[in-house]
Amino acid sequence: MAESSSSDFRTLKILDHFRPIIVKTGADYDVLRLILRVKFQMDQRRVPMIMSSRAKNKESKEGNLYIRSLWLYMLMGLIMVPFIVWDTGQFMLQMGILFGVLMFMIMTSMISDFSSVLLDIRDRNIISTKPVNARTVGLARAIHAGVYLFLLTGSLTVAPLIAGLITHGIGFFLLFLLQIILISMLILVTTSLIYLFMMKFLDGEKLRDMINMVQIIMSVGIAIGYQFVIRSFDIFNVGVVFTPAWWQLLLPPLWYASAYDWFFAGGGGVWIYTLTALAVVVPVICLIIYVKLMPSFELYLEKMAHAGQTSSRRRGKWDRRVAKLFCRSIEEQACFRLSATMMRNEREFKLKVYPSLGLALVMPYIIWYTGLQSNTWMEFRQGAYVYSLYLMLILVITVVTMLKYSGQYKAAWILRAAPLANESVLYKGALKAFLYNMFLPLFLLNAIVFTWTFGLRILPDLAIILLTGTALIPASGKLMLQQLPFSRSFSVAQESEGWYVFIAIPVLALFWGIHVFFRSFSMGVWVYGAILILANVLLWTLVYRGKKQELNKVAML
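A quick note: this is a predicted structure, and the numbers were derived from the prediction, not measured.

Colleague: Explain the overall build of the chain to me, please; I cannot follow it from the model alone.
Modeller: Of regular secondary structure, the chain possesses 25 helices and two strands. Here the chain, with 557 residues, has 50% of them falling under the buried criterion. Taking the contacts inside the chain whose residues are at least 6 apart along the sequence as the reference set, 79% of them involve residues at least 24 apart. Roughly 26,900 Å² of accessible area belongs to the chain as shown, and the carbon and sulfur atoms make up 69% of that amount.

Here it is, written out as structure tokens:
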């Protein structure tokens, strides 16, 4: 989307070729183009370099950071290349797995990064006062989100596309490209229709809470759903056989994989034809429905501007009691309560973070599902699947990384202006609020299920995993929370944070290995527990010691 010399965007020039189609939807193309140009211009805005050098945490490169982060998605797309070059003779299997992984990545990004674009109401005060019909505004909103979604999808699939062109030829390449477009359209439109359905029946704060709940359900659903793709095949010593079943009609990855079995593997039959037809028909039908209901989407979106005022007095008293228990100084207690309120009430923070909570909650049970396929229930209960709870600790890395972002980040100047002798209370208060609000409730919920499944014998192991998680919070905060909590815009959250999750996996594997090592001794688990208790005390006490507040400087956020 680089800007040309004529002050026009390449994306808009491409869009001009689709003007007749857009006009037929009832939208005013000239107005739509103007709205999109302003949105893209806002995305691309720059601050002079002389100002960006004054502080590394200023929002000086907001517009292009998403574009600059696409190389990371290109690297992530390399994991799909083996499924393209994999010579199994079973396109249904390898492409089904590939599309399952691809749709998981796209849908996760759609929920976490683009929902706020679809539900953005900040421009209504300007556009609603002008003679612009709702269909034009809605289509501009969808195209705006769709452009970035296509950029993300293109970045993820550039390596598989090249591999497919080299390995299978131009026909494979063109079919894959068409299906990428259909998949992006399906995900964008179905997500919008789900939000539309909710907005029809809910309003205010209930609507916002329900949207977060649906995002969590969708995140969990796509994490579990692609597990069923591999269950569609029976693996024998002589090869792989696709086994048709009615529930496969609900698996979009198999819709798109069936076309390859038809065109490149000589497959056929009513089942393959039906799945292939669904790959085209469902996105088109959803798009037609969305265009028809677009004015209603804009009408219902107004409800987002009217958040219900819920009473928080009782919650505030409870927060004060918990803050006194968790925090020593009055300043740290105040930071704890502020952070707890931000985590519960700020809509953009919840849109970004809450879906990852749902994933963290169910990730251990995905391992369970695999274990139950090859073991009886009694064998499973006696196994070492309690260690799968370490997967939940990815939540620590994910959320701590996001604690520095906020939709109201410009208000963070008050944190610098506050007369604090030591700004470490800001960090410790935010980390303890995360521990109290998010980590402990989810961990205890999983601990109850694990204890019921594996028995009381795993209680020492649960304590070890809990202590590991509580020690990771200040350690990861020191490494990743370099800016003040809630002081940066979410628009820069794409820059480099994804690496932390990849780094977290081997770190958690190391902690699992240490746990297993100490578990092999008679009293080893108790020794390891004592070590972790000492580590928690030292980390929570010393990690932010001496981080003095510079009272004579107020951050220009």
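Colleague: What exactly am I supposed to notice about the side chain of T136 here?
Modeller: Looking at the element boundaries, T136 is found in helix α10 (residues 134-168). Apart from residues no more than four positions distant in its own chain, T136 is found in contact with A27, D28, V31 and L32.

Colleague: When you look at unusual backbone geometry in this model, what are you seeing that I'm missing?
Modeller: A negative phi angle characterises most non-glycine residues, just as the trans form characterises most peptide bonds. Here F486, not a glycine, exhibits a phi torsion of approximately 60 degrees, which is positive. Along the chain, F486 falls in the loop between α23 (459-480) and α24 (498-519). On the basis of relative accessibility, which here comes to 7%, the residue F486 falls in the buried class.

Colleague: Hey, could you run me through the packing of helix α18 (residues 347-374) against helix α22 (residues 424-454) in this one?
Modeller: What describes two packed helices is the angle between their axes and the distance between those same axes. Interhelical geometry of α18 versus α22 gives an angle of 15 degrees and a closest axis separation of 12 Å. When the axes of α18 and α22 are compared, the pair comes out roughly parallel. The handedness of the crossing between α18 and α22 comes out as right-handed. Residue-level contacts link F349, V353, Y354, L357, A360, L361, P364, Y365 and W368 of α18 to M438, L442, L445, N446, V449, F450, T453 and F454 of α22.

Colleague: What is the right way to look at empty space enclosed by the protein in this model?
Modeller: Which parts of space are left empty comes out when a probe the size of a water molecule is rolled across the atoms. Scanning the entire structure with this criterion turns up one cavity of 30 Å³ or more. Taken as a whole, the largest cavity spans an internal volume of roughly 50 Å³. Forming the boundary of the largest cavity are C335, L338, S339, L415, L426, A430, P485 and F486. Top contributing element to the lining of the largest cavity by residue count: helix α17 (residues 330-345), with three residues.

Colleague: Is there a simple way to think about the packing of helix α20 (residues 394-402) against α22 in this case?
Modeller: In contact at an axis separation of 11 Å, α20 and α22 are set at 145 degrees when each is read in the N-to-C sense. Here α20 and α22 pass one another in a crossing that is right-handed. Of the residues in α22, those in contact with L395, V396, V399 and V400 of α20 are L431, F434, M438, F439 and L442. Class assignment for the residues of the contact of α20 with α22 results in nine nonpolar, no polar and no charged.

Colleague: Teacher, can you tell me more about the confidence of the model for the chain here?
Modeller: In low-pLDDT regions, the fine details of the predicted coordinates are not to be read closely. Looking at the chain as a whole, the pLDDT averages 77, with 77% of positions reaching at least 70. Below a pLDDT of 50 lies the segment residues 2-7, which in the model reaches nine contacts outside its immediate sequence neighbourhood of four places, other chains included. Low pLDDT (under 50) marks residues 548-557, which in the prediction has 25 contacts with non-local residues, meaning those over four places away or in another chain.

Colleague: Help me understand the nonpolar core, please; the structure alone is not making it clear to me.
Modeller: Soluble globular proteins tend to pack their nonpolar side chains together in the buried interior. If you look at the biggest cluster of nonpolar residues, it comprises 80 residues, and the most contacted ones within it are L32, M95, F99 and F176. Of the residues forming this core, the biggest block, 16 residues, is contributed by helix α11 (residues 170-201). Not counting residues within four places of it along the chain, the set of residues in contact with F99 comprises F176, Q179, I183, P253, Y256, A257 and Y260. If you look at the next biggest cluster of nonpolar residues, it comprises 67 residues, including I394, L431, A447 and L508.

Colleague: Explain the environment of W246 here, please?
Modeller: Within the secondary structure layout, W246 lies in the loop between β2 (239-242) and α14 (252-263). Assessed through its relative accessible area of 64%, W246 is described here as exposed.

Colleague: Looking at this structure, I do not really get the environment of N437. What am I missing?
Modeller: Note on placement: N437 falls in helix α22. Placed 93 residues apart in sequence, N437 and R344 show a C-alpha to C-alpha distance of 8.2 Å. Polar contacts involving the side chain of N437 include one to the side chain of R344, which spans 3.2 Å.

Analysis parameters
- Residues numbered from 1 in each chain as written.
- Predicted model: local features only at pLDDT ≥ 70, side-chain atom pairs only at ≥ 80, totals over all residues.
- Heavy atoms only, no water.
- Helix = DSSP H or I, 4+ residues; strand = E, 2+ residues; numbered from the N terminus.
- Buried < 20%, exposed > 50% of the residue type's maximum accessible area, 1.4 Å probe, protein only.
- Contact = heavy atoms within 4.5 Å.
- Areas by Shrake-Rupley, 256 points an atom, 1.4 Å probe, with all protein chains shown as cover.
- Axes fitted to C-alpha atoms, helices over the stretch in contact; angles between N-to-C directions.
- Parallel < 35°, antiparallel > 145°, perpendicular 65-115°, else oblique.
- Left-handed = near helix turned anticlockwise from the far one by under 90°.
- 1 Å grid on protein atoms, 1.4 Å probe; cavity = no way out; pocket = protein on both sides within 12 Å on 5 of 7 lines; lining within 4 Å.
- Points joined across faces, edges and corners; volume = space filled by probe spheres on them.
- Nonpolar A, V, L, I, M, F, W, Y, C, P; charged D, E, K, R; others polar.
- pLDDT = per-residue confidence, 0-100.
- Core = buried A, V, L, I, M, F, W, Y, C linked by side-chain atoms within 4.5 Å.
- Polar contact = N/O pair within 3.5 Å; in protein donor to acceptor, adjacent residues only side chain to side chain.

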